[in-house]
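# Coordinate inspection notes
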Amino acid sequence: MPRELIARAWNQYRRGGLGSLAGEASKRLRRRVPFRYRIAARVRWQRYKYGPAAVTEPLYVFSVDPHRIEHEGPRFERSECIGTVASGEWDRDVSEWDRVIHTSLKNRFEGGDDWAETAYYRKAKRRIERDGYYLGYTDFETFRSERLAYVDRLFERIREDGYRTQAELAASARDDERHETVPAHHRLTYEVGCNVARDGTLVFNSGKHRLAIAKILDLDAIPIQVIVRHRGWMQRRRAVVSADDRAAAMDRHGVPADHPDLEELLGGPRDATPKR
C-alpha cells in the first residue's frame, strides 16, 4: 500500500506539480467525512444562503435533451462538488463540446473505423506518453485493451437496451468494469454531469462518452445531474422563486421557462427516463 500511494503521489506531482499534489492530498482528507454528511452540510449552507431558492436535492436527476449541451468548461470533481455554488469566471472559460471524442466515436460506430484510426486513440497515446496519465490510465496498452473495449460495450448496450440511469444499472456496477477503487457512493453522482453558468447555460462537466453516444444515437433525452451552479445563476433562481409573478420574473432575468434546473425548484416533472 505505501508503495502504491507513493506511485500515485509521484504521478500526481508529474501531472500538476506541488500545488496539484497538495490539492489531491486535501481532497483525500475531505473524503474521510462520510458522503451523506457532506451532502447534508451543503444543503444546510444553501438554505442559509439562498432560502427558498436553495438546492435541497443535490443528487436530483434531470431529463435533458443531449443536444442542448453544446459547450464544456472547467471540470469539477463530481462527488466532491455536487450541490455546490462557485463564483468567479469559470463559466466564461468555455469552449465547444469535445469534437475529438464525438467525431472519433461517430467514425467508429457509424463509419466502422478501427480505433487506431481515430483522433481519440492518438490523443490518449500522446497524453500517456507525455504526461504519464489519461482518463485514469498510466499505461497505454491497458487503456487500449480496457477503455476502448468498454466504450464498444457501452455503445452496444445503449443502442440495444436503451439508455439507463445509474440507479437502473445498480446491480451491474458500472465502475467495477474499469476502476475497482471507485467508492460505491460515487455511483450516486455518475450520471452525465453539467454545470450551470450564470446565464443558465448548461456546461458539460463529466460523462463525455455517454453524452457523445446519446448524441450519435440521436436520443431525445438522457438523465443528467448538476454538479456546480454559478453564484449568478443562484441569484436568478432566488429572484424567480421569490417573485409574485414568476413568469414575469423569468422574462426579466432571462431565465427560460423550460430550464431543467427549475424543475426541482418549482415542483415540475421528475421523469428522468431516457427516451429514444
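Right above here is the structure, for reference.
What you are looking at is a predicted structure, and each value in this text was computed from that prediction instead of being measured.

### Observations concerning the overall build of the chain
Within the chain one finds 10 helices and seven strands. By the burial criterion, 46% of the 276 residues in the chain qualify as buried. The contacts in the chain between residues at least 6 apart in sequence include a share of 73% that link residues at least 24 apart. A total accessible area of about 14,100 Å² is found for the chain, and carbon and sulfur atoms account for 49% of it.

### Re the packing of helix α2 (residues 35–50) against helix α8 (residues 231–242)
For the pair α2 and α8, the least separation of the axes is 11 Å and the interaxial angle reads 60 degrees. Between α2 and α8, the angle falls in the class oblique. Here α2 and α8 pass one another in a crossing that is right-handed. Facing α2, whose interface residues are Gln46, Lys49 and Tyr50, α8 presents Arg231, Met234 and Arg238. Classifying every residue of the contact of α2 with α8 by side-chain character gives two nonpolar, one polar and three charged.

### Here we look at unusual backbone geometry
Leave glycine aside and you will find that most residues have negative phi; peptide bonds, for their part, are mostly trans. The phi dihedral of Leu135 falls on the positive side, at around 50 degrees, and the residue is not glycine. Residue position: Leu135 is located in the loop between α5 (119–131) and α6 (140–161). Owing to a relative accessible area of 30%, Leu135 belongs among the partly exposed residues under this scheme. Phi is positive for Asp218, close to 55 degrees, though the residue is something other than glycine. Turning to its location among the elements, Asp218 is positioned in the loop between α7 (208–216) and β7 (222–230).

### What about α6?
Over its 22 residues, α6 runs 30 Å from end to end, which matches the ideal 32 Å to within 8%, given 1.5 Å per residue. The elements touched by buried residues of α6 are α4 (99–109), α5 and α7. If you check the start of α6, you find a side-chain oxygen 3.3 Å away from the backbone N of Glu141, and it comes from Asp139. Looking one or two places after α6, you find Gly162, whose phi comes out positive at around 90 degrees.

### Some points on the packing of aromatic side chains
On inspection of all chains with the given rule, the structure shows 12 aromatic pairs. The lysine or arginine in question, Arg36, covers the ring of Tyr37, its NZ or CZ lying 4.6 Å from the ring centre. One Lys or Arg, Lys125, reaches over the ring of Phe140 and ends 6.0 Å from the middle of that ring.

### Some thoughts on the packing of α4 against α6
One can describe the packing of α4 onto α6 by two numbers: an axis separation of 12 Å at closest approach and a directional angle of 70 degrees. In terms of orientation, α4 lies roughly perpendicular with respect to α6. In contact with Leu105, Arg108 and Phe109 of α4, α6 contributes Val151, Asp152 and Phe155.

### Here we look at the environment of Val228
With respect to the element layout, Val228 can be found in strand β7. Separated by 151 residues in sequence, Val228 and Glu77 have C-alpha atoms that sit 9.6 Å apart.

### Things to note about the nonpolar core
Among the nonpolar cores identified, the biggest contains 51 residues, and Leu105, Trp115, Tyr120, Phe143, Ile222 and Ile224 are the most heavily contacted of them. Here the element with the most residues in this core is α6; it accounts for eight residues. Among the nonpolar cores identified, the runner-up in size contains nine residues, and Phe35, Ile39, Ile82 and Ile227 belong to it.

### A look at the environment of Arg159
Inspection of the secondary structure assignment puts Arg159 in helix α6. Once the C-alpha coordinates of Arg159 and Leu219 are considered, the two residues, 60 residues apart in sequence, prove to be 9.9 Å apart. Within the structure, Arg159 has its side chain in polar contact with the side chain of Glu156 (distance 2.7 Å).

### Considering α8
Between its first and last C-alpha atoms α8 spans 16 Å; for 12 residues at 1.5 Å apiece the expected length is 16 Å, and the two agree. Of the residues making up α8, those classed as buried are Gly232, Trp233, Met234, Arg237, Val240 and Val241. Looking at the buried side of α8, the elements it contacts are α2, β3 (84–86), β5 (192–196), β7, α9 (246–253) and α10 (263–266).

What counts, and at which threshold
- Residues numbered from 1 in each chain as written.
- Predicted model: local features only at pLDDT ≥ 70, side-chain atom pairs only at ≥ 80, totals over all residues.
- Heavy atoms only, no water.
- Helix = DSSP H or I, 4+ residues; strand = E, 2+ residues; numbered from the N terminus.
- Buried < 20%, exposed > 50% of the residue type's maximum accessible area, 1.4 Å probe, protein only.
- Contact = heavy atoms within 4.5 Å.
- Areas by Shrake-Rupley, 256 points an atom, 1.4 Å probe, with all protein chains shown as cover.
- Axes fitted to C-alpha atoms, helices over the stretch in contact; angles between N-to-C directions.
- Parallel < 35°, antiparallel > 145°, perpendicular 65-115°, else oblique.
- Left-handed = near helix turned anticlockwise from the far one by under 90°.
- Nonpolar A, V, L, I, M, F, W, Y, C, P; charged D, E, K, R; others polar.
- Expected span 1.5 Å × (residues − 1).
- Polar contact = N/O pair within 3.5 Å; in protein donor to acceptor, adjacent residues only side chain to side chain.
- Phe/Tyr/Trp six-rings, centres within 6.5 Å; stacked < 30°, edge-to-face > 60°.
- Lys NZ or Arg CZ within 6 Å of the ring centre and 35° of its normal.
- Core = buried A, V, L, I, M, F, W, Y, C linked by side-chain atoms within 4.5 Å.

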